[in-house]
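Take a look at the letters that make up each chain.
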Amino acid sequence: MEQLLTRSLARSNNFVTREFAEELIVVRVVRDATDMDSIYVLNDVGTYLWQNLDSKTVDELAIMACEEFEVDLDVARVDVSAFVEELVTLRALSYRDGGTA
């Protein structure tokens, strides 16, 4: 996990976002616009991370989350890492160095 903490992140160009009712909706751009498996709703923490992640590392995001949401740094690192890994799996995020999780 230590290596993941220091890798810079980038959003995929294949996703668009829309704010709706205080939530952020992340939608994968696909040929079939009715593909409901391509729509993701982020809660307030996920929205905060998504809006602040470009060129940041997991560790930087965890520190920011601690300040914004008053959470313990070790807990934030685990939670942010899990969030990032899930979005990398969905190809909504990538690592700037081109590697995978």
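Up top you'll find the structure we're talking about.
Before going into details, it helps to say that this report is about the structure given with it. A quick note: this is a predicted structure, and the numbers were derived from the prediction, not measured.

## Examining the pairing of strand 2 (residues 15-20)
Looking down a regular strand, the side chains alternate between one sheet face and the other.
Right, so step 1: Sheet analysis places strand 2 next to strand 3 (residues 23-28), joined by six bridges and oriented antiparallel. Bridge pairing in strand 3 places arginine 18 opposite isoleucine 25.
Right, so step 2: A loop of two residues connects strand 2 with strand 3, the two strands running antiparallel in sequence, and alanine 21 in this loop sits at a positive phi of about 50°.

## Thoughts on the sheet that holds strand 3
Right, so step 1: With antiparallel pairing, the three strands of this open sheet are ordered in space as 2-3-4. Two strands lie at the open edges of the sheet, namely strand 2 and strand 4 (39-42), each paired on one side alone. This sheet shows a mean twist of 25° between the axes of neighbouring strands, independent of strand direction.

## Here we look at the pairing of strand 3
Right, so step 1: With four bridges connecting them, strand 3 and strand 4 associate as antiparallel partners. Note on strand 4: the bridge partner recorded for valine 27 is isoleucine 39.

## Digging into the nonpolar core
Right, so step 1: By size, the foremost hydrophobic cluster in this structure holds 26 residues, and its most contacted members are Trp50 and Val84.
Right, so step 2: Broken down by secondary-structure element, the contributors of at least two residues to this core are strand 3, strand 4, helix 2 (44-52), helix 3 (58-69), helix 4 (73-89) and strand 5 (93-95).
Right, so step 3: What tryptophan 50 contacts, discounting residues up to four positions off in sequence, is Arg11, Thr17, Leu24, Val26, Leu42, Leu87, Ala92 and Leu93.

## Describing the packing of aromatic side chains
Right, so step 1: Overall, the coordinates contain two aromatic pairs when judged by the stated rule.
Right, so step 2: The interplanar angle of 40° and the centroid separation of 6.4 Å between the aromatic rings of phenylalanine 15 and tyrosine 40 together place this pair among those described as tilted. Taken together, the positions of phenylalanine 15 in strand 2 and tyrosine 40 in strand 4 put the pair 25 residues apart, joining distant regions of the chain.
Right, so step 3: Residues tyrosine 48 and phenylalanine 69 carry aromatic rings whose centres are separated by 5.5 Å and whose planes lie at 90° to one another, so their mutual orientation is edge-to-face. With a gap of 21 residues between them, tyrosine 48 in helix 2 and phenylalanine 69 in helix 3 connect regions that are remote in the sequence.
Right, so step 4: With a relative accessible area of 17%, tyrosine 48 lands in the buried category.
Right, so step 5: With a relative accessible area of 29%, phenylalanine 69 lands in the partly exposed category.

## Concerning the packing of helix 2 against helix 3
Right, so step 1: Direction vectors running N to C along helix 2 and helix 3 enclose 135°, while the axes themselves pass 11 Å from each other. The orientation of helix 2 relative to helix 3 falls into the category oblique. The way helix 2 lies across helix 3 gives a crossing that is right-handed. Only Leu61, Met64, Ala65, Glu68 and Phe69 of helix 3 make contact with helix 2, whose side of the interface consists of Asp44, Val45, Tyr48, Leu49 and Asn52.
Right, so step 2: Per-class residue counts for the contact of helix 2 with helix 3 are seven nonpolar, one polar and two charged.

About the cut-offs
- Residues numbered from 1 in each chain as written.
- Predicted model: local features only at pLDDT ≥ 70, side-chain atom pairs only at ≥ 80, totals over all residues.
- Heavy atoms only, no water.
- Pairing = 2+ DSSP bridges.
- Helix = DSSP H or I, 4+ residues; strand = E, 2+ residues; numbered from the N terminus.
- Axes fitted to C-alpha atoms, helices over the stretch in contact; angles between N-to-C directions.
- Core = buried A, V, L, I, M, F, W, Y, C linked by side-chain atoms within 4.5 Å.
- Buried < 20%, exposed > 50% of the residue type's maximum accessible area, 1.4 Å probe, protein only.
- Contact = heavy atoms within 4.5 Å.
- Phe/Tyr/Trp six-rings, centres within 6.5 Å; stacked < 30°, edge-to-face > 60°.
- Parallel < 35°, antiparallel > 145°, perpendicular 65-115°, else oblique.
- Left-handed = near helix turned anticlockwise from the far one by under 90°.
- Nonpolar A, V, L, I, M, F, W, Y, C, P; charged D, E, K, R; others polar.

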